[in-house]
Structure formats: C-alpha cells, structure tokens
Amino acid sequence: MSITQSPASLFTAATEEKEGTFNNARCHSLWIREALDELPHSFTITDPFISGHPIVFASPGFLKMTGYSREEVIGRNGRAFQGPKTNRRSIMEIREAIREERPVQVSLLNYRKSGSPFWMLFHMIPVFGSDDGRVIHFVAVQVPISGQKLRNGSVSDVSGLSEMVLGSCRREVCLGSYVHQEERALPVECDEQELENWEHCEASESEKLKSAEAVSNVLATLTRYSEFAGRLVCGKRNCLRGSDYCLSSSLVISLGRIKHSFVLTNPCLPDMPIVYASDAFLTLTGYKRHEVLGQNCRFLSGVDTDSSVLYEMKECILKGKPCTVQILNYSNRKDKSTFWNLLHISPVRNASGKTAYFVGVQMEASCRDTESKDLRPETRQLSVVGAVRVAVRSSFMVTC
Amino acid sequence: MLKIKRVPTVVSNYQKDESSDESVGCGRNCLGACCINGARLPLYACKKLEKSCAGEKPVAFLESLVLGEWEDRFQRGLFRYDVTACETKVIPGKYGFVAQLNEGRHLKKRPTEFRVDKVLQSFDGNKFNFTKVGQEELLFQFEAGEDGEVQFFPCMPLDAENSPSVIAINVSPIEYGHVLLIPRVLDCLPQRIDHKSLLLALHMATEAANPYFRLGYNSLGAFATINHLHFQAYYLAMPFPIEKAPSKKMITTASGVKISELLSYPVRSLLFEGGSSMHDLSDTVSDACVCLQNNNIPFNILIADCGRQIFLMPQCYAEKQALGEVSPEVLETQVNPAVWEISGHMVLKRKEDYEGASEENAWRLLAEASLSEERFKEVYALIFEAIGCSYQEEEVEGTIVEQDNPSGSVNQKSNRTTHGGPITNGTASECLVLQ
C-alpha cells in the first residue's frame, strides 16, 4: 500500500526531499528506526497527517505480542486490533484524546492475528514539533495486564479480596523482556471467551508504572534522534499553538476521511494560501504537497485560462458566496497536460461563526459521466463541502 | 390540559418549484394526494447485514448523500438561517456540554399544536404534518434493503404502495446536516415508537458509519413538536456529555442486550447495548418504549455510536412546568430539554445565557427534567417487567457464586458479580422474554 508522506514526520522516506538532502533524511529516518527497534517495549507510532491516521512504526515487542509481521501492521489504523467485544467507552476515550491532542491511559481489549483476545493497558501521548507546536505523531504503548476483574467498572475494596477474581493470563504474556509474575491469590484459568466478557480489566500500579516508563523511553529516543534530523520533537507543546498555516492534527485527520480532490485556503493570510490539500488533489494536479502548501491556487492557471472566469471567482470570494466555474487548469503531471476543472468554491465558517477558510473542490470535467449507481457528480462535489464544514466547525470547539 | 405557549411563526417553509410549471394540485408541490404523482427522489436501500463502525474510515456513501443533498439545499437558501454562522463552544468542565448561541431558532420554529400531557395522541391530518412539506425539503428515500449490498437509485418514483420512508431537512437546524427520518411518511403515523420504525432508525445509524452522527427521538410530552412519526439526526464531531457518563450494568436480557443505568448524570437514564443482533437491541428498546407510552411517561431516545448504544431518558419537565415547579431562572432561558439538550447540546436563545453558560447551569437545567430516584425505580421496574426480566438492586457486597446453568457450562461470572446473592438477574437460564 502506498502512503503519501507527510512533511513533518520523522519517518519520511525522503521521496519528497530536495536532491541535496536526499541521503541525509534517509539516514536519519533509518537511525530513528534502528534506535526504536532496540527498545524492549511494545509500542506503535502513528502519523495523523497521513490519511487514515495509520501506524508508521511498530516495535518488535508489538509484533511479538500481536503475532503480526511488520508489513501487516504498517499503514493500518490502530482500530484494526480492536474487536466486537472491545469496550466502546474506551474506544471513545482514545478517539477523543486524539481529537484533543492529549495523553490517555485506558485498559483495552485487543485481538491478536490468531483472533485471540487479550487485555492491555493502552497509554498514548501526542508528540509535538518543537518549532511550531503541532502534533506530528502519536506514540502508543501497550502493556499486557495480568488482570484483576472489576465489578461494574468500579474498583472493589482491598478488603473484599474474595470477591475479586484474579485471572491469570499466562498464555497471553509473551513479551521478550516482560517478566510475568504469578498472582498470589487463587489463579483462575480464564478461557478466551471469559476474557471477552469482562466489563473492565484494571491495570495494577506496577503495570501503570511500566507504561509510563515505556512512554518516557520512546519519547526520549525520538527526541534525541530528532535532534540529529534537525526536526526537534518533544512531549509538551512548548510554544503557542501552531500558526494559521498549520492545521491541528485532529482537523487533518477529519479532512483525511474525504476521498476527493479539494483544498482549503485561508483568506485571512496574505495572498490566500493553500493550508490543506487532499491526496486526491495531489494526484489530480501532479504536484507534491510541499509544493502547494503556502501557495495561492493561481499556479494551476496558465496562458489559456479564461481571465473572466478568474475574475468571477475573485468576486465571489470577496462577497463570501459559493460559486461553480469551469476553468482550464495546468497540471504538473508527467505529460504536463491541461484539464478542464469544474471547480466549486465556498466559504467555510468555524465555531465562532466567522469565515475561517475557503474550500475549493475540483472535478475533472471528463470524469463527469460516472455510472448511474453513484452519486451525481454535483452531489458528490457538494458532499465534500459539507464534510469540510462539519470538520472545520467541530475542530475549533476543542477546549485547550 | 397542559399547553405550551404558542409562538407566532410561519407554519411551513415552501417555495414555488420553478422548474415544474406543470405541477398541478395545491401548487405547493407537497406530498399530499394533490401533488404526489410524478414525485421522484433518490432511494438509498441499505444492507440487510450488520456492519461494523468506522472511525477514521473514509466518508461512507450514506454520509456523502446526506451531506451533499443538505449542502445543495443550504446553498439554495431553504433553511431559515445559516446555522454555521451561530457561535458555538464547549463549556469548560468535566463533561464538556456544548452550547450554541442561536437567537433566531425559536422564533422561526414551527409551533407545537397539541396537548403536552398525553404521550399517545391520534394523528390529526388538519394539523401540520410531513405530507405538507414541499418536496424540495426531502433529500432521499431510505429503506432497509433486502440484499446483502447497498443499492442506490438516483431517481426513484415515490410510490405510495411501497410506503416509502424519507429523509428531510430540518429547516430550523441545530447543526449542519440536521435531518429528519420520517418512516412510512404517507402512512401518517403519530409520534410513537414501533418496532419497525426504531429498527429503521438503527439501520440509518449503522449505515452512516460515523459515531458523530446520532439519531434522536422526542415523545409527545418530551418536546416533540409535530405529531407525525419522525426521528432527528445531525453531525457533531465530538462526544455528547451523555456518552461520557459512567454507567453501571443492571441486567443482560436473554438476547444478550445489556441494560445499564447512568451514574452521575443530571437526567436518570438507561443505556441499552449489545444483543446478538441489531434486531434484538432494537426490539428490546422498542418494548421498553411501548411500555412507557402505555404508561403515559414522556421520554427521549438517543441512538449513538453507530447504532451500538441507545440511551432511553424518561422525563417530567413539561409536567413540572405546568405545575409551576420549575425554578424561574431555568424557565427564563426558555430552553426545552428535548433529546439533544439532555444529551448535552444546549441551544441558547439569549446572549447572556450563552456568555454565562457553565456546567453547573447546564446540570441544573437538565436535572429539572429528570425523574426522581424513586420514580425512576418505579419506571425501570415497569420496563423490566415489560421486557420479561427481573432485577434486584444490590444492597450488600455479595459473594461470587459459581452456578452451572442448564447447559452445563460455567460462564456467567460476569453477570453474577453484579448483584449479591443467588438472584435472578437476567442470566440465560432465568430470563425469558414473555411474549
């Protein structure tokens, strides 16, 4: 599966780097991977700037614990390891922590490649770029829980020892460096069906400490090696929230769900630059992401582009009204071909009620004759606008 | 007879359909017998099988259809106001109540035209109902399909024989994408839950495959404004406070539906989830609703988490209001606690309420709608009886009793630990759904 690289990632395979720095970036990425591979813990690193918020690094400990190979894991979203019996509340907590760019620690039922379930303590933190304060990765550590089952999700008192069923999860603990300790009270062999039925599985204090330690080690490694790469990262957002040029990771994740060509431009910045471009836009126009971010859309116009159409667009933008135009665009594809772009533009408001962006949705005119089983192209185009409106409005409501 | 104070407003928001001069009948292009011949709408027929929910998965087809059609109506000016121009924020606090300043909504909303002290009332064709809306307010037909595949027909005639269910815009939206699901619109069903309709609503939640797309229902007496069966739905890309409330399991039915009560939430509510199939979950909740309806207890329903979680909230605000028992400060806000408000999304009419919105205020307002602890116990006892389960609240810390159920396997521990002693609490052997 191909993954479009995100510019800030520490795991860039350097396909987008300029010629001179090609080898350097490659090396840094390799060194980071090698250093991370040395750590004994089970953890994954994800990239919210890639559509689908996939895993971009999985430790050997993780692969051993889940039974998957590296190729089977890279590119997948973390939900792939959840199953029908995974607690919905916990899933929601993780989703919200990602959306709000904050840490979370929650017990979770996951499933191995074999299909067998296991409980683990899921501890995730955001990793920020030091210069712009954006979240560029999430690090998630998994510590197996050799658990105490709880009644109804509340903690029983210590005095009611006979009421606690202590499950022994011997079979499930198979991490390299993790030493399993026999529980002192009566160990009940829990079959897998049993595990799935548990309402909750509280991690012990020592397991929580283990997860904090693992998170700390991974972050320290990332910080150290990111320095070499010239892209410092840290565990705390230590500067003002990212500039208007940079969207929050949660907004990027939401926009990444929209599989269509579109861009977001910021009318409050000089020359109304592009602040987001979808993968489909890059495919359509043949440009790389770093070539378009920060640029005004006019680079798509050329000699034969009708200037009256451009004028019409400008007028609509000034008036804050949506419009649809047919415009001749010039691509950067191999053949440098031109294409007729049925372009729809509309202002998009954020939670304050004011216009925060303009969305431009492109549709190549030749693609208009889609099979009748699909949405009409016009509807499809408008659905992109709608999805962007929902994403933008909601993303600004995050409490800081 | 209890009445809600009427607010003068336009009853319907229709526009002349310029494209079809040949529209005969009443001229409003509605759904009545006068105009329906030749009416066409896209039809979305969802899969029979159940799907798992997405998350960061790509925007699903149904979501594209809803958003695309909604945006079309939005740009055509069919809504009373631009809801995205309404300021909104998350109130600081543990639960994150969402507040919106919307000064125009209650002025432009359709008035309530029936008594609010009876949950079951007959349909009255003379009052406003959804056969009177202009067809341009309809987005598409929706049905539970027969096949294993989603089927989409961009232009399907509205056939009264097929009893079509439709999705319409809510012209006074709470949020972007606010739509109405109107089951079997031409059958003119009154606002009351039946098994088939709730199942259709659940299908829609599942098909949308987006945990931020929820469906809601208000019974009469719980601030439904139109006595014509309908559900509401919209997108809010963050959790509702009610979804964050901790819950305590009470029972599991024979069909595997888990029923919990919410803890530390201003409105006492039940949460239904699980079940061996969507049907089981839907039927259990329907049974509960029918019981409430028959006992004249107003309630709201929230369908969340792509149809996996259903909240049932009985309430008594309207009764309290009529009896003069609601505090004046709460009354002044003129906020009616319907399903969205109870779930934690408050649309505020006055700037001062919005500026001063706090978790305590929100809590205090919603608490007025809640049943008292004793009344709630009576109500859920009624419900459990109706669905054929018995429940005994735990009073002492009991011991775990391993018991074989008739099939011989020892696997009911998770239920056992819920309550003390060897009491029937919905384990497979003991819980029979009496039909």
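For every chain, the first residue of the written sequence is number 1, and numbering continues from 1 onward in sequence order. Written order decides the labels, with chains lettered from A and ligands numbered from 1. It should be noted that, the model being predicted, local features are given only for residues of pLDDT at least 70 and side-chain atom pairs only at 80 or more, the latter also being counted only at that level, while totals for whole chains, interfaces and linings use all residues. As a rule here, side-chain values cover all heavy atoms of the structure and leave hydrogens and water aside.

Asker: Talk me through the UniProt feature "domain: PAS" (unreviewed entry) in chain A; I want residue IDs and the actual numbers.
Answerer: Residues and elements named next belong to chain A. UniProt positions are given in the numbering used here, feature names are shortened, and annotations may be inferred rather than shown by experiment. As recorded in UniProt, the feature "domain: PAS" (unreviewed entry) lies at residues 51–101 and 274–296. The helix and strand labels rest on DSSP assignments: H or I over at least four residues marks a helix, E over at least two residues marks a strand, and numbering proceeds from the N terminus. As annotated, residues 51–101 has a helix share of 45% and a strand share of 8%, and its two end C-alpha atoms lie 17 Å apart. Split by type, residues 274–296 is 48% helix and 17% strand. Its first and last C-alpha atoms lie 6 Å apart.

Asker: Break down the pairing of strand β3 (residues 98–101) of chain B for me, with residues and values.
Answerer: All names here are of chain B. The rule is simple: take the accessible area with a 1.4 Å probe, protein chains only, and divide by the maximum for that residue type; under 20% is buried, over 50% is exposed, in between is partly exposed. Side chains of β3 alternate between two faces, with Val-98 and Gln-100 and Ala-99 and Leu-101 buried alike. DSSP bridges decide pairing: two strands pair if at least two such bridges lie between them. Sheet topology places β3 next to strand β15 (residues 345–348); four bridges connect them, and they run parallel. When the sheet's bridge partners are listed, Val-98 is paired in β15 with His-345.

Asker: Any details on the sheet that holds strand β6 (residues 166–169) of chain B? Residues and values, ideally.
Answerer: Residues and elements named next belong to chain B. The mixed open sheet is built from 12 strands, whose spatial order is β5-β1-β4-β6-β7-β9-β8-β13-β14-β12-β11-β10. Strands at the two margins of the open sheet, each flanked by one partner only, are β5 (151–157) and β10 (247–252). Averaged over all adjacent pairs, the angle separating strand axes in this sheet is 25°, with direction ignored. Across three bridges, the pairing between strand β4 (residues 138–144) and β6 is antiparallel. Across the sheet, residue Leu-138 finds its bridge partner in β6, namely Ala-168. An axis is simply a line fitted to the C-alpha atoms; with a helix, the fit covers only the stretch in contact. Between two such axes, the angle follows the N-to-C directions and lies from 0 to 180 degrees.

Asker: Give a description of the UniProt feature "domain: GDPGP1-like C-terminal" (unreviewed entry) in chain B that names residues and reports values.
Answerer: Within this structure's numbering, the places UniProt gives as "domain: GDPGP1-like C-terminal" (unreviewed entry) are residues 241–388 of chain B. For residues 241–388 of chain B, the end-to-end C-alpha separation is 30 Å, with 45% helix and 22% strand making up the annotated structure.

Asker: Residues and numbers for the pattern of salt bridges, please.
Answerer: By salt bridge we mean one thing: a side-chain nitrogen of Lys or Arg within 4 Å of a carboxyl oxygen of Asp or Glu. Scanning the entire structure with this criterion turns up 31 salt bridges over all chains. Between A:Arg257 and B:Glu63 there is a salt bridge, and its shortest N-O distance comes to 3.2 Å. Of this pair, A:Arg257 sits in the loop between α7 (249–255) and β11 (262–265) while B:Glu63 sits in helix α1 (residues 61–75), placing the two residues on different chains. On the basis of relative accessibility, which here comes to 11%, the residue A:Arg257 falls in the buried class. Looking at B:Glu63, the relative accessible area reads 3%, which means it is buried. Because the salt bridges share partners, they merge into one network encompassing A:Glu96, A:Arg99, A:Glu100 and A:Arg102.

Asker: So what's going on with helix α10 (residues 359–367) of chain B? Which residues, and what values?
Answerer: Residues and elements named next belong to chain B. Regarding α10, the residues found buried are Glu-359, Ala-362, Leu-365 and Leu-366. Projected onto a plane normal to the axis of α10, the buried residues spread over an arc of 130° and lie on a single side. Tucked into the core, α10 has its buried residues touching α7 (328–332), α8 (339–343) and β15. It is the directions from the helix axis to the C-beta atoms whose arc is reported. Only heavy atoms enter the contact rule, under which two residues are in contact if any of them lie within 4.5 Å.

Asker: Tell me about the confidence of the model for chain B, and please be specific about residues and values.
Answerer: All names here are of chain B. A residue's pLDDT is the confidence the predictor assigns to it, expressed on a 0 to 100 scale. Scored by pLDDT, chain B comes out at a mean of 82, with 81% of its residues at no less than 70. The model gives residues 1–23 a pLDDT under 50, and that stretch makes 42 contacts with residues more than four places away or in other chains. Ignoring residues within four places in sequence, the model shows residues 396–435, a span with pLDDT below 50, making 77 contacts including any to other chains. Among the prediction metrics, the complex's ipTM stands at 0.81, with pTM recorded as 0.83.

Asker: Run through the packing of helix α11 (residues 377–395) of chain A against α1(B), naming residues and quoting values.
Answerer: Interhelical geometry of α11(A) versus α1(B) gives an angle of 90° and a closest axis separation of 7 Å. With respect to their mutual orientation, α11(A) and α1(B) come out roughly perpendicular. Facing A:Thr379, A:Arg380, A:Leu382, A:Ser383, A:Val385, A:Gly386, A:Ala387, A:Arg389 and A:Val390 of α11(A), the residues of α1(B) in contact are B:Ser64, B:Leu67, B:Gly68, B:Glu69, B:Glu71, B:Asp72, B:Phe74 and B:Gln75. Residues are grouped as follows: nonpolar covers Ala, Val, Leu, Ile, Met, Phe, Trp, Tyr, Cys and Pro; charged covers Asp, Glu, Lys and Arg; every other residue, Gly included, is treated as polar. Each residue belonging to the contact of α11(A) with α1(B) can be placed in one class, and the counts come to six nonpolar, six polar and five charged. Roughly parallel refers to an angle under 35 degrees, roughly antiparallel to one over 145, roughly perpendicular to one between 65 and 115, and oblique to any angle outside these ranges.

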